[in-house]
Amino acid sequence: MKSESKRITTTILSLALYLGLWKILSVVIGRSIILPPPEEVLLQTLRFLSGREAWGKILSTTLRGLGGFSISLILGVLTGLAAGKSPVFRWFSNPFLISIRSIPVLSLILLAVIWFPTELVPVFICFLIAYPVITSAVAAGVAAVDRDLLEMAAVYRKSRRSVLLEITLPSLYPYLLNGVSTGLGLTWKSVVAAEVLSMPASGLGTAMQTAQLQLDTAHLFSWTLIVVLLASVSEALLRLLERKR
Amino acid sequence: MIRFTDCSFDFGPLTIMDHFSLEIQEKGTTVLLGPSGCGKTTLLNMAASLLAPAEGLMERSTDDLSYLFQKPRLLPWKTVEENIAFALDEKMDRDEMRERCGDLIRHVGLEGFEQYRPSRLSGGMEQRTAIARAFVSESPLLLMDEPFKGLDLKLKMPLIGMLNELLHSRRTAAVLVTHDVREAILMGDRIVFLDGPPLRLMDDMEGIPRQERDTASRAFYELEKKLYNLILHS
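Please read these numbers as outputs of a predicted model, since none were measured by experiment.

What counts, and at which threshold
- Residues numbered from 1 in each chain as written.
- Chains lettered and ligands numbered in written order.
- Predicted model: local features only at pLDDT ≥ 70, side-chain atom pairs only at ≥ 80, totals over all residues.
- Helix = DSSP H or I, 4+ residues; strand = E, 2+ residues; numbered from the N terminus.
- Buried ≥ 20, exposed ≤ 12 C-beta atoms within 10 Å, placed from the backbone.
- Contact = placed C-beta atoms within 7 Å.
- Pairing = 2+ DSSP bridges.
- Axes fitted to C-alpha atoms, helices over the stretch in contact; angles between N-to-C directions.
- Parallel < 35°, antiparallel > 145°, perpendicular 65-115°, else oblique.
- Left-handed = near helix turned anticlockwise from the far one by under 90°.
- Nonpolar A, V, L, I, M, F, W, Y, C, P; charged D, E, K, R; others polar.
- Domains from an automatic or database assignment.
- Core = buried A, V, L, I, M, F, W, Y, C linked by C-beta atoms within 7 Å.
- Expected span 1.5 Å × (residues − 1).

> Can you walk me through the overall build of chain A in this structure?
A tally of helices and strands in chain A yields 10 helices and zero strands. Ordering the α and β elements of chain A from the N terminus gives α-α-α-α-α-α-α-α-α-α. For chain A, the C-alpha atoms occupy an extent of roughly 75 × 55 × 30 Å along the three principal directions. For chain A, the proportion of its 245 residues judged to be buried stands at 33%. Summarising the internal contacts of chain A: among those between residues at least 6 apart in sequence, 74% fall at separations of at least 24.

If you want it as structure tokens, here you go:
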């Protein structure tokens, strides 16, 4: 308990120090356009969050992120299961996965802007970024399924369906949760990046790009803070799911 | 009935079985007694169709069998009751499933632990869950691969008694693989003494009658002495 309270105190102190440094720097620079003071950013964020417009942007971005992520989740689980079972499938899909991982996100976004309507670009990018993470996690989980349990199921002549539902899926659950956590974190980063470049009608990335064009640095900071909050909320929800287990 | 005819099996460069033959009747408990690494587990896995002989033939009169492994092999995400029900046909009526599981839970003394997950059970309780699972489907044949390994005497003796009682009352034929002479005497209606690799049949004898299987009885002492002599001079 003692170390727990020590941890919390240290965390608060560290945050206070950063905020203090930020405040001092902003006073020294003296120009809000370069570095707005922290209280201005906080107030602006609260102002955004109490208005309807910001929530529309948050909703659009969230839906795009979740849309792309859902596709990668479904496809990732299916192909991950296949890759875990068949080495041939794994060798076949590896070059594709490695390419996506090593190509800069910005190149993918720029290409997507050429290929797709603006609204679809962030969805496609989220899918492309989260998919390799999910499929690799699932494949690793399948490969790690306890052979002894599979042998036991074979002795009791369990059906393939039962082995999948009662052994394979439960044992890859922790792997999947890990993949979802990493994938979702990447999703929020890449959906915003894609929106900045593709500029759909409504979205946090679009708002950031507009703020930057208008040299409204406080707004840029606020939108960023909102994206960080969005990612934290999704991570917290996942933790809840993990604890329920 | 399980019949091995001229079975051969290699494990890498090691010849485990070289034209080995043995017949096991489907009644009572047959113990396959032999030193560690002689190939007796391979024989048992072949009997369970988990392995196929490279040459020769394994025949078995039933497809319906249970297997008690060295480790309990329970599903960590299922409760005691669900783990036991795992051995049952998925299409079985729910009420019958419940009844059968409840009956065995009582037999192995796990009342009150039905909803526990394996992580909260002791080693002995886990193996009792595995025993319940092995009997719930009422298979006519039970194969056991050193199921008491790693359990101390105080846990092991009640388990042996429990197994003998269940095997007898349910008329289940069983094959027990072990290297432990006392386990062999306590459970065996027939004791097949093996050595290897490659697997060789050294001796084949009747066990002592059920009611005389007491570590203090004369018959027990004499058979124990005979088996020790066989092992030490093989």
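> In this structure, what is going on with the pairing of strand β8 (residues 190-195) of chain B? I would like to understand it.
The two faces of a sheet get side chains in turn, since along a regular strand they alternate between them. Residues and elements named next belong to chain B. One ladder, built from four bridges, connects strand β3 (residues 29-33) with β8; its direction is parallel. Along β8, the bridge assignment pairs L32 with V192. In the sheet, β8 pairs with strand β9 (residues 200-206) via six bridges, with the strands oriented antiparallel. Across the sheet, the residue bridging to D195 is R200, located in β9. Between β8 and β9, which pair antiparallel and follow one another directly, the connecting turn spans four residues, one of which, G196, has a positive phi of 160 degrees.

> Would you mind showing me how to read the sheet that holds strand β5 (residues 65-68) of chain B here?
Either a parallel or an antiparallel arrangement is found when strands of a sheet pair, and the pairing is made through backbone hydrogen bonds. All names here are of chain B. The six strands are arranged β5-β6-β7-β3-β8-β9 in an open sheet whose pairing can be described as mixed. Across the chains shown, the open sheet's two edge strands, defined by having one partner strand only, are β5 and β9. Strand-to-strand twist across the sheet, computed as the mean angle between neighbouring axes with direction ignored, equals 15 degrees. Sheet topology places strand β6 (residues 141-145) next to strand β7 (residues 173-178); five bridges connect them, and they run parallel.

> What am I meant to see in the packing of helix α3 (residues 52-85) of chain A against helix α8 (residues 160-198) of chain A here?
Helices that pack against each other are described as a pair by the angle of their axes relative to one another and the distance between those axes. Residue and element names in this part refer to chain A. Close contact between α3 and α8 brings their axes to 9 Å; oriented N to C, the two are set at 125 degrees. Considering the angle they form, α3 stands oblique to α8. Of the two possible hands of crossing, α3 and α8 adopt the one that is right-handed. Contact with α3, carried on its side by T61, R64, G65, G68, F69 and S72, involves G183, L184, T187, W188, V191, V192 and E195 of α8 and no other residues of that element. The residue makeup of the contact of α3 with α8, split by class, is five nonpolar, six polar and two charged.

> Which parts of the structure should I look at to understand the domain arrangement of chain A?
Many analyses report the size of an interface as the accessible area lost when the parts associate. Residues and elements named next belong to chain A. For chain A, the assigned domains are domain 1 (1-30) and domain 2 (33-244). For domain 1 and domain 2, the distance between their C-alpha centroids amounts to 30 Å. Counting from both sides, the interface comprises six residues of domain 1 and, opposite them, five residues of domain 2. When the residues that make up the side of domain 1 that touches domain 2 are grouped by side-chain class, the tally is four nonpolar, one polar and one charged.

> Explanation requested: the domain arrangement of chain B in the structure shown.
All names here are of chain B. For chain B, the assigned domains read domain 1 (27-51 + 140-234) and domain 2 (74-138). Taken over C-alpha atoms, the centre of domain 1 sits 25 Å from the centre of domain 2. The interface is formed by nine residues belonging to domain 1 together with 10 residues belonging to domain 2. Looking at the side of domain 1 that touches domain 2, the element that brings in the most residues is helix α5 (residues 153-169), giving five residues. Of the residues that constitute the side of domain 1 that touches domain 2, the class distribution is eight nonpolar, no polar and one charged.

> Teacher, can you tell me more about the nonpolar core here?
Across soluble globular proteins, you tend to see nonpolar side chains buried next to one another. Residues I84(B), L143(B) and V175(B) are the most contacted members of the largest nonpolar core, which totals 67 residues. Here this core gets six residues from one element, more than from any other, and that element is helix α4 (residues 123-136) of chain B. Among all residues touching V175(B), those that are not within four sequence positions of it are I24(B), T30(B), L32(B), L44(B), A47(B), L143(B) and M144(B). By size, the runner-up hydrophobic cluster in this structure holds 41 residues, among which are I109(A), V133(A), A137(A) and Y175(A).

> Which parts of the structure should I look at to understand the packing of helix α4 (residues 87-102) of chain A against helix α6 (residues 120-143) of chain A?
Residues and elements named next belong to chain A. Here α4 crosses α6 at 140 degrees, and the two axes come no closer than 10 Å. Viewed along their axes, α4 and α6 adopt a mutual orientation that is oblique. Once α4 is placed against α6, the crossing between them reads as left-handed. On α6, the residues touching R90, L97, I100 and R101 of α4 are L128, P132, T135, S136 and A139. Looking at side-chain class alone, the contact of α4 with α6 contains five nonpolar, two polar and two charged residues.

> What exactly am I supposed to notice about the interface of chain A and chain B here?
Contacts between chain A and chain B engage 11 residues on the former and 11 residues on the latter. Secondary structure elements with two or more residues in the side of chain A that touches chain B: α7 (147-155) and α8 of chain A. The biggest single contributor to the side of chain A that touches chain B is α7(A), with six residues. Along the lines of polarity and charge, the residues of the side of chain A that touches chain B split into seven nonpolar, one polar and three charged.

> Please explain helix α1 (residues 2-29) of chain A as it appears in this structure.
An α-helix turns once every 3.6 residues. As a result, residues three or four positions apart point the same way. Residues and elements named next belong to chain A. Taking 1.5 Å of rise per residue, 28 residues should cover 40 Å, and α1 covers 41 Å from first to last C-alpha, within 8% of that figure. Counting buried positions along α1 gives zero out of 28 residues, so the element sits mostly on the surface. Count one or two residues on from α1 and you reach G30, which has phi positive near 75 degrees.

> Mind showing me how you'd approach the sheet that holds strand β1 (residues 2-11) of chain B here?
Residues and elements named next belong to chain B. Sheet architecture is open: three strands sit in the order β2-β1-β4, paired in antiparallel fashion. Edge positions in the sheet fall to β2 (14-24) and β4 (55-60), since each of these pairs with one other strand and no more. Shown here is a sheet whose adjacent strand axes are inclined to one another by a mean of 25 degrees, direction ignored. Sheet analysis places β1 next to β4, joined by five bridges and oriented antiparallel. Residue pairing in the sheet places R3 in a bridge with E59 of β4.

> Which parts of the structure should I look at to understand unusual backbone geometry?
Note: most residues except glycine have negative phi, and most peptide bonds are trans. Its identity is not glycine, yet R157(A) carries a phi of approximately 50 degrees, on the positive side. With respect to the element layout, R157(A) can be found in the loop between α7 and α8. Look at R171(B): it is not a glycine, yet its phi comes out positive at around 50 degrees. With respect to the element layout, R171(B) can be found in the loop between α5 and β7. Judged by C-beta crowding, with 11 C-beta atoms within 10 Å, R171(B) ranks as exposed.

> Got a minute to help me understand the pairing of β3(B) in this structure?
Where burial is concerned, most of β3(B) is hidden: five out of the five residues are buried. The side-chain alternation of β3(B) yields two buried faces, one formed by T29(B), V31(B) and L33(B) and the other by T30(B) and L32(B).

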